[in-house]
Every structure is written in structure tokens, then in C-alpha cells.
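Commentary on secondary and tertiary structure
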Amino acid sequence: MHVLKDRGFTHRTPSEITPAAVYHARREWLARAALGLAGTGLASFAARDALAQAPGKLAALPGARSAVPGAMVMDKATAYADVTSYNNFYEFGTDKSDPARTAGSLKTRPWTVSVEGEIKKPKVYDLAELLKLAPMEERIYRLRCVEGWSMVVPWVGYSLAELIRQVEPTGNAKFVQFTTLADKTQMPGLRGGSLDWPYVEGLRLDEAMNPLALLGFGLYGEVLPNQNGAPVRLVLPWKYGFKSAKSIVKIRFTEKQPVGSWERSQPSEYGFYSNVNPQVDHPRWSQASERRIGEDGLFTKRRPTLMFNGYEAQVGQLYAGMDLKKFY
Ligand code: MTE
């Protein structure tokens, strides 16, 4: 690690600090310190902000700023503390606070992902191979949960398309199915019957090939914390969060459309596509607006939900001519 000594403060060089939010928070704090404001209320607020934004103590996983169109949203990033403590990962319990508490039991090494089905080059990938398969990029994505809340997260990973190109899908490959780990010895939530395990999700092949579809290995410049789907997960920013399967162990290319876990459990509520769509309500609630995590003040307004979560320019053409009320 390169270390700069600057007016008595020790900090890493900017090139090593991936997330812009962290970088700016620290810059602001240093600037205040230089102005002699350190120790005043203002400075300590900024310092506390920086703490909430800063990553934990996991292995560093920096990524170069992504050049994929739409990959770097300008919204303020959700605090690291919120991203890593308000989670849906039913294998570790159904409460938002359960995964951060219980996912410590997840063993992420050794880890393999079996890539199989309608491809010319089936292969069991070791995690180390996957980590080296393509350059790591930082992508700042909005993620909208079907429950009506959203976050903005600086992810680290590369386009799923990089892996798909390597395994060479055959002409029969029309869909991709993702299966995630289901191990009772590591996952206390499997004892509860909240879903059929393992957790399964699927995409159409052209959706999976869209450069925004991210194979994620990290967030905030570090490897994924277990509760966020370590060691490898999907991040599909234009779809409701449940499509972004965590802790993936198998990727299978198929001719037939796969059935996801949520679709199987409640087909009238969760469809195969599950694109974020403010015009198609969930049968039990509106999808027109959302609560951005971290903006929970008494007078804070909900944000209007955007078509395809704001990624219409990048993914709209995938659904041209489809009745999105039917294909929800
Ligand atoms: N993946 C698995 N294996 N199990 C889950 O319960 N929950 C999904 C998705 N991926 C889930 C999963 C849901 S509902 C959401 S909103 C996102 O993960 C949450 O990701 P985050 O906790 O990193 O924000």
C-alpha cells in the first residue's frame, strides 16, 4: 500500500481509493482539518459521515471506473453501513438484519461455479479463475427491491457477457439459469420453509449479454461481505432486486425458460421478467414510488420509481413490442 503522510494524517493515495464517495468524504474531512476546523462539530460530522461510507476490513478489490454506458449513476451512494446491514438473503433469515448477523457462517473458500448446459465449453470455474477472467470495474448502480425500497451501491465486477463469451453458447441456448448455494450446515434460513431451495433465477440470453448485467465480486472497493452474496453474485440494475441471485454455484444455459424461486412460490406476484416498472403494480402494493435507504427523515418524500429503474436507454430495446403488463 502506498502511504502518504500529509499534515500528520496518514492516508492511502487517491488511486487506491476506488469509491468516489469515500474519496470525497475523506477529502472534505482533510480540507476541514487543513482549515483548522478539525474538532469542531462540522468536522466531526464529516468524519462520522466518512465512517458510515467507508468500507470494512475485507480484502481490497479495486475496480477501474466503468466505461459501460449507464454504469456510473450520479446519485449519492448509500452508506456502506446500510448496504451491508439491510439485506435480503433468505438463506440467512427473513429479517433485514438477519444476514449481517448470521452470514458469518458462510464459507466462501474454496468456491467453484459450474458453467454447463447448451454451451460448447462447459467448465467448472474456480473462484480464482473467475476473479481473473476479465478486468474488474467499478459500477455505481441503483438497485430497486420489489418491496419498495432502493439503494445506490458502488459494485465491483465485470459484465456477465465476458464469461458467456468464453463458454460459447450453442444455437439452442435461449436462457440462462442461475443456482445459488443451499447448504443447511452453513445457512440457518434453509430450516425455515420460506422458499424452495436452492434459490434459482433466470434471464433470457440477450438480457444476460447486456453489458449492464454484472457479475459482482465486491462493493465499495472490497470483496463482497457474506451478507451481500459473497463470493460472486449477479447485479441486474434494471430488474427488481430478487433477480440478482447471490452466492452463485451454477450457471446453466437452456433452451426452455427457467422458473425462478419467487416465480415458483407466487406466480401471480412475481413474473419471469420482473423489470422495474412503475406502471405495473404488485398485486398487493403500488410500484410507482420508492424509499431510498438512508433518506428516512420524517419529511423525506418517496422518490418516483423510474421505468427500468432509469436504465431504459440501455435495456428498453430488449423488450420492444412486448406487452409489459403480460410479461411482468
Ligand atoms: N439471492 C439469494 N441467494 N437469496 C436471497 O434471498 N434475495 C434477493 C437478491 N438475491 C436473495 C438473493 C433480493 S429480494 C434482493 S432485494 C437482493 O438480493 C438484495 O441484495 P443486497 O442485500 O445486496 O442489497
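The numbers attached to residues start from 1 for each chain and follow its sequence in the written order. In keeping with the predicted nature of the model, local features appear solely for residues at pLDDT of at least 70, side-chain atom pairs appear and are counted solely at 80 or more, and the whole-chain, interface and lining totals rest on all residues. Where side-chain values are given, they derive from all heavy atoms of the structure, hydrogens and water being excluded.

Looking at the environment of Asn277
Under the scheme used here, helices are H or I runs from DSSP no shorter than 4 residues and strands are E runs no shorter than 2 residues, and both carry numbers assigned from the N terminus. For Asn277, the location among the structural elements is in the loop between helix H8 (261-265) and strand S14 (289-292). For the pair formed by Asn277 and Trp238, sequence separation is 39 residues and the distance between their alpha carbons is 9.1 Å. Note on definitions: a residue-residue contact is assigned when non-hydrogen atoms from the two residues lie within 4.5 Å. Apart from residues lying up to four places away in sequence, Asn277 is in contact with Tyr240, Gln287, Met307 and Leu324.

A short note on the site of the ligand
Near the ligand there are 15 residues, and of these Asn87, Tyr90, Glu91, Arg233 and Lys246 occur at the shortest range. Here a polar contact is recorded for every N or O atom pair within 3.5 Å, except that within protein the pair must consist of a potential hydrogen donor and a potential acceptor, and residues adjacent in sequence are included only if both atoms are side-chain atoms. Note that an oxygen atom of the ligand is positioned 3.0 Å from one of the side-chain N or O atoms of Asn228. Between the ligand and Arg233 there is a distance of 2.6 Å, counted from an oxygen atom to a side-chain nitrogen or oxygen. Per-residue and other accessible areas were derived by the Shrake-Rupley procedure at a 1.4 Å probe size, with only the shown protein chains allowed to occlude residues. If the ligand stood free it would expose 540 Å²; the protein chains cover 98% of that surface. In this analysis, the protein atoms alone were mapped onto a 1 Å grid. Cavities are point sets where a 1.4 Å probe fits without being able to get out; pockets are open sets with protein on both sides within 12 Å along at least five of seven lines; lining residues have an atom within 4 Å of a point. To qualify as sitting in a cavity or pocket, a molecule needs more than half of its atoms within 2 Å of the grid points. The site holding the ligand turns out to be the second largest pocket. For the shell around the ligand, a count of residues per class yields 6 nonpolar, 6 polar and 3 charged. It suffices for a single heavy atom of a residue to lie within 4 Å of a molecule or strand for the residue to be listed as near it. In the scheme used here, Gly and all other residues not listed as nonpolar or charged are polar, with Ala, Val, Leu, Ile, Met, Phe, Trp, Tyr, Cys and Pro taken as nonpolar and Asp, Glu, Lys and Arg as charged.

Quick notes on the pattern of salt bridges
One speaks of a salt bridge when a side-chain nitrogen belonging to Lys or Arg is within 4 Å of a carboxyl oxygen belonging to Asp or Glu. All chains considered together, the criterion is met by 17 salt bridges. Residue Arg303 pairs with Glu295 through a salt bridge whose shortest N-O separation is 2.8 Å. For Glu295, a relative accessible area of 30% translates into the label partly exposed. When salt bridges that share partners are traced, they join Asp75, Arg142, Arg144, Glu290 and Arg292 into one network. Only protein chains enter the accessibility calculation, which uses a 1.4 Å probe; a residue is then buried when its area is under 20% of its type maximum, exposed when over 50%, and partly exposed in between.

So, the sheet that holds strand S4 (residues 112-117)
In short, DSSP must find at least two bridges between two strands for them to pair. Here we have 5 strands laid out as an open sheet, ordered S5-S4-S13-S8-S9, and mixed in their pairing. One side of each edge strand has no neighbouring strand; the edge strands of this open sheet are strand S5 (123-126) and strand S9 (200-204). Recorded for the sheet is a direction-independent mean angle of 20° between the axes of neighbouring strands. Of the pairings in the sheet, the one linking S4 to strand S13 (residues 248-254) comprises 4 bridges and is parallel in character. Convention adopted: a line fitted to C-alpha atoms gives each axis, helices being fitted over their contacting stretch, and angles between N-to-C directions are expressed from 0 to 180 degrees.

Function-wise, these values are silent; they only describe arrangement.
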